[in-house]
Amino acid sequence: MEEQQLKSVKVGFIGGGNMASAIGAGLINKGILNPDKCWVSTHTDRMHSFWQQLGAHPTLNNCEVLDNCDVVFLAIKPHMLDDVIVNITVRQSDHGSKIKYKGKLFISVLAGVTLDVLQNKLELIADFPRIVRSVPNTPLMVGEGITVYCSQNTTPQDLKMIDTLFSHIGICENVPESLMNAIGGLSGCAPAFAYLIIEALSDGAVRMGVPRLMATKFAAQVLVGAGKMVLETGRHPGQLKDEVCSPGGTTIAGVHAMEVGGVRGSMINAVQAAVKRTSELR
């Protein structure tokens, strides 16, 4: 699907919070989605205003999203899914008759909720739902995100659209569902780990006399630059690290301090804990 065609697609979000806004704002700001063809159900004044400023159509009614959109993101918390489905089925009932939605592509960002569970839930409100289970992350908002996905009952055109959408705001890959939780513990959760590292590096520079704003800006750029070095050179992170560590120099002294502090083990444990928690959300 070409970019111009994407602008004609009606895209909705059930749930308008952090993840929905990262995806929606990223695509709208890149000119990939037409905000006038975007509906969002959100229940906070702050997010209502956010989407309105983007030019989208915020609403309090989940069914209004489904009524107007062909592609619907499920961007709520996993524990809210049952209530949302019940809310929609109640509103679907009109004088005792229930009409299910047809022709909808659902894209879930619900952590830990499998394709089979999504299928069982969505069949209550839609006939033959096409389903994508995705794990995006919030840096999509600035065009540097990661999205992995798997799907069920989708068409080749659906998958092409997913690839086109998400490739404009970061890296996008179709992966086996068996890897979704493990990758989510890295790509979905690790931005928070990276922010913690940025803050800690900034604290270290401030401790040594660097002004806070300057320290934070430089610490953030360090991670941006290091990440690009790995991606664009294709060299192993260990090799790149060794290239900075001169014998008896300043960098190896810092690396030694990190190893003594258990930074490497802490990062491994953080990803492991995130994956474990994702599995508990099923």
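Nothing here was measured: the structure is a model prediction, and the numbers come from that model. What you see as residue numbers is a count from 1 along each chain, following the sequence as written. Owing to the predicted nature of the model, reporting of local features is limited to residues with pLDDT of at least 70; listing and counting of side-chain atom pairs is limited to 80 or more, with chain, interface and lining totals taken over all residues. Hydrogen atoms and water are omitted, and side-chain values are computed over all heavy atoms in the structure.

1. Examining a nonpolar patch on the surface
Turning to step 1, where the next piece is worked out: On the surface, a cluster of nonpolar side chains totalling about 270 Å² of accessible area is made up of Ile146, Ile171 and Leu231.
Turning to step 2, where the next piece is worked out: Counting through the fold element by element, isoleucine 171 comes out in strand β12 (residues 170-174). Each patch is built from salt-bridge-free residues with over 30% relative accessible area, joining like charges within 9 Å and nonpolar side chains (Val, Leu, Ile, Met, Phe, Trp, Tyr) within 5 Å. The protein chains shown are the only cover counted for residues, whose accessible areas, like all others here, come from Shrake-Rupley with a 1.4 Å probe. In the sections that follow, a salt bridge refers to a side-chain nitrogen of Lys or Arg positioned within 4 Å of a carboxyl oxygen of Asp or Glu. Labels follow the DSSP assignment, with helices taken as runs of H or I lasting at least four residues and strands as runs of E lasting at least two, numbered in each case from the N terminus.

2. A look at the sheet that holds strand β8 (residues 105-108)
Turning to step 1, where the next piece is worked out: Two strands make a pair as long as DSSP finds a minimum of two bridges between them. The strand order across the open sheet built from 8 strands is β3-β2-β1-β4-β8-β10-β11-β12, with neighbouring strands paired in mixed fashion. Edge strands, defined here as strands with exactly one partner in the open sheet, are β3 (57-59) and β12. Within this sheet the neighbouring strands show an average axis-to-axis angle of 20°, counted without direction.
Turning to step 2, where the next piece is worked out: Bridge analysis of strand β10 (residues 130-135) against strand β11 (residues 145-152) gives 5 bridges, and the strand direction is antiparallel. By the bridge assignment for β11, arginine 133 is matched with cysteine 150.
Turning to step 3, where the next piece is worked out: Throughout, a residue-residue contact means that at least one pair of heavy atoms, one from each residue, lies within 4.5 Å. For helices, the fitted line uses only the C-alpha atoms of the stretch in contact; every axis is such a line through C-alpha atoms, and the angle between N-to-C directions lies from 0 to 180 degrees. Strands in contact with helix α6 (residues 115-122) are β4 (71-74), β8, β10 and β11; relative to β10, the strand with the most contacts, it is inclined by about 135°.

3. Section: unusual backbone geometry
Turning to step 1, where the next piece is worked out: The residue phenylalanine 128 is not glycine, and still its phi comes out positive at about 50°.
Turning to step 2, where the next piece is worked out: Here phenylalanine 128 shows up in the loop between β9 (126-127) and β10.

4. A few points about the packing of aromatic side chains
Turning to step 1, where the next piece is worked out: Working definition: a ring pair exists when centres of Phe, Tyr or Trp rings (six-membered ring for Trp) sit within 6.5 Å. Plane angles under 30 degrees give stacked, over 60 give edge-to-face, the rest tilted. For the structure shown, the criterion picks out 4 aromatic pairs.
Turning to step 2, where the next piece is worked out: Arranged with centres 5.6 Å apart and planes meeting at 90°, the rings of phenylalanine 50 and tryptophan 51 form a pair that is edge-to-face.
Turning to step 3, where the next piece is worked out: Burial classes follow relative accessibility: with a 1.4 Å probe on protein chains only, a residue under 20% of its type's maximum area counts as buried, one over 50% as exposed, and anything between as partly exposed. Look at phenylalanine 50 and you get partly exposed, because its relative accessible area is 26%.
Turning to step 4, where the next piece is worked out: Between the aromatic rings of phenylalanine 73 and phenylalanine 166, the centroid separation amounts to 6.2 Å while the plane-to-plane angle is 80°, which identifies the pairing as edge-to-face.

5. Details of the nonpolar core
Turning to step 1, where the next piece is worked out: Residues Phe13, Ile23, Trp51, Val71, Phe73 and Phe166 are the most contacted members of the largest nonpolar core, which totals 32 residues.
Turning to step 2, where the next piece is worked out: Secondary structure elements with two or more residues in this core: β1 (11-14), α2 (18-29), β2 (38-41), α3 (45-54), β4, β8 and α7 (156-167).
Turning to step 3, where the next piece is worked out: Considering every element that reaches this core, the biggest residue donor is α2, with 5 residues.
Turning to step 4, where the next piece is worked out: The contact partners of valine 71, leaving out residues within four places of it in the chain, are Val9, Lys10, Val11, Gly12, Leu105, Ile107 and Met161.
Turning to step 5, where the next piece is worked out: In terms of nonpolar packing, the next biggest core, distinct from the first, is built from 28 residues, Ile14, Trp39, Ile88 and Ala126 among them. Only buried residues count toward a nonpolar core. Its members are Ala, Val, Leu, Ile, Met, Phe, Trp, Tyr and Cys residues joined through side-chain atoms within 4.5 Å.

6. What about the pairing of β10?
Turning to step 1, where the next piece is worked out: When you tally the buried positions in β10, you get 6 out of 6 residues, the bulk of the element.
Turning to step 2, where the next piece is worked out: Burial of β10 is two-sided: the residues Arg130, Val132 and Ser134 facing one way and the residues Ile131, Arg133 and Val135 facing the other way are all buried.
Turning to step 3, where the next piece is worked out: Here β8 pairs with β10 via 4 bridges, running parallel. Across the sheet, the residue bridging to isoleucine 107 is valine 132, located in β10.

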